[in-house]
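The residues making up each chain are set out below.
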Amino acid sequence: MEKQNKIVGGLTLISLICLVAAYFAPIWWVSLTAPNYPKDAFPDGIRIHFHFDGVYNGCKAAGKGTRMANEIIQKDLAHDDERYNPILDAQKNVDKGAEGLDCVHEMNTINHYVGMFPIATGAPVEKPLAKFFFGFFAVMMIAFAMTGKKARIMTLAAGFTAVAAWMIVDQFVLGHLASHVEHYTKEAGTFFKEPDKIKVWGDNVSNVSKIVIFGLIAVMGVVVAATAKIRPFQLLLALIPALLPLFFVITYAGWLWFFGHNLHPWGAFTVKPFMPTVFGEGKVAQFSTFSYPYWGYGLLLVIFVCMMLALLIRRKQLREGTVE
């Protein structure tokens, strides 16, 4: 039994390390290629990386010998940049502040031609609250590794209290929920200016976020009570975090469907509602699309394997009556 407990503890520790790493890791990548993005200039196409807390630029700097390496991408002038006359002010350095291609911005620009909303409008509740769900999963995994009932319940109670307090302070006291909603409404109106409609969207994000926050706190209470009253319930402390790979794919596919089936009529080109590629290669107009898991998803699979093995060992212990 002692050996089994050590194995369960070791598997849980590996899972916890992978859980922390997975939060900061790119989980999935998507790339668009087209004739107007030649391979010698854009070797990975227009590529973005999906993380649990947002979508990030996946384009690399062009290597030596490529066409892109010999070119300068000029800085886009923002509203606060100084304007100038290129004829009268010939010495103005137009390349000041130049950066590599921002492929999130580039993909948004491409998508808006068919009426698709900016990528930042996807998963507006899930992204800012992901860190608290990871805390929730981490507490359950640590509690699962405990062999004593009292230690398990105390770990859940203390851990969930800490996560709940963190969540309340972060979202309400520090005002991060309000600032997130403000950023969301600004992003949603990047291409299609409908302030009344977008305000309703922002209100929905705020209200749903509050429901999820207090709903998660209620679930924490249920988990503590059920673990105290129902002996086999402790197996769910391992099963729920183990299903993270499934949770991600379901959420990812759901938001892809949303984007493909909520095209704005103001788009420059009219296309029928469609389901973007979840896994594999696809085709939209002249663009080829690629969508595949990245190394962060491998971490989620490690969590799945480790926690399922630990669950099977604990299930055997419960049958034999060697664990509380």
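Above this text you will find the structure in question.
Since we're looking at a predicted model, the values are computed, not measured.

(A) Local environment of the nonpolar core. Ranked by size, the top nonpolar core spans 84 residues in total, and within it Phe 52, Phe 160, Phe 248 and Leu 300 carry the most contacts. No other element matches helix H3 (residues 126-145), which puts 12 residues into this core. With residues up to four places along the chain from it excluded, the contact list for Phe 248 reads Ile 27, Trp 28, Phe 50, Phe 52, Tyr 297 and Leu 300.

(B) A look at helix H2 (residues 103-112). Counting buried positions over the 10 residues of H2 gives 8, a clear majority of the element. Regarding H2, the residues found buried are Cys 103, Val 104, Glu 106, Met 107, Asn 108, Ile 110, Asn 111 and His 112. On its buried side, H2 packs onto strand S1 (28-33), strand S2 (46-51), strand S3 (54-57) and strand S5 (287-293). Where H2 begins, one side-chain oxygen reaches toward the backbone nitrogen of Val 104, 3.1 Å away; that side chain belongs to Asp 102.

(C) Spotlight on the packing of aromatic side chains. Within the structure shown, the criterion is met by 23 aromatic pairs. Each ring, one from Phe 132 and one from Trp 166, has its centre 4.7 Å from the other, and the planes form 70°; the classification is edge-to-face. Here Phe 132, found in helix H3, pairs with Trp 166, found in helix H4 (residues 149-173); they are 34 residues apart in sequence, far enough to count as distant. Residue Phe 132 is classed as buried on the basis of its relative accessible area, which comes to 0%. On the basis of relative accessible area, Trp 166 is assigned to the partly exposed category, the value being 39%. Relative to Phe 160, the ring of Phe 136 lies with its centre 5.2 Å away and its plane at 20°, an arrangement referred to as stacked. Taken as a pair, Phe 136 in helix H3 and Phe 160 in helix H4 lie far apart in primary sequence, 24 residues in all. Through pairs of rings, three or more aromatic residues link up here, namely Tyr 23, Phe 24, Trp 28, Trp 29, Phe 50, Phe 52, Phe 134, Phe 248, Tyr 252, Phe 279, Tyr 292 and Tyr 297. The cationic tip of Arg 47 hangs over the ring face of Trp 29; the distance from NZ or CZ to the ring centre is 4.2 Å.

The rules behind these values
Residues numbered from 1 in each chain as written. Predicted model: local features only at pLDDT ≥ 70, side-chain atom pairs only at ≥ 80, totals over all residues. Heavy atoms only, no water. Core = buried A, V, L, I, M, F, W, Y, C linked by side-chain atoms within 4.5 Å. Buried < 20%, exposed > 50% of the residue type's maximum accessible area, 1.4 Å probe, protein only. Helix = DSSP H or I, 4+ residues; strand = E, 2+ residues; numbered from the N terminus. Contact = heavy atoms within 4.5 Å. Polar contact = N/O pair within 3.5 Å; in protein donor to acceptor, adjacent residues only side chain to side chain. Phe/Tyr/Trp six-rings, centres within 6.5 Å; stacked < 30°, edge-to-face > 60°. Lys NZ or Arg CZ within 6 Å of the ring centre and 35° of its normal.

That is the geometry; function is a separate question.
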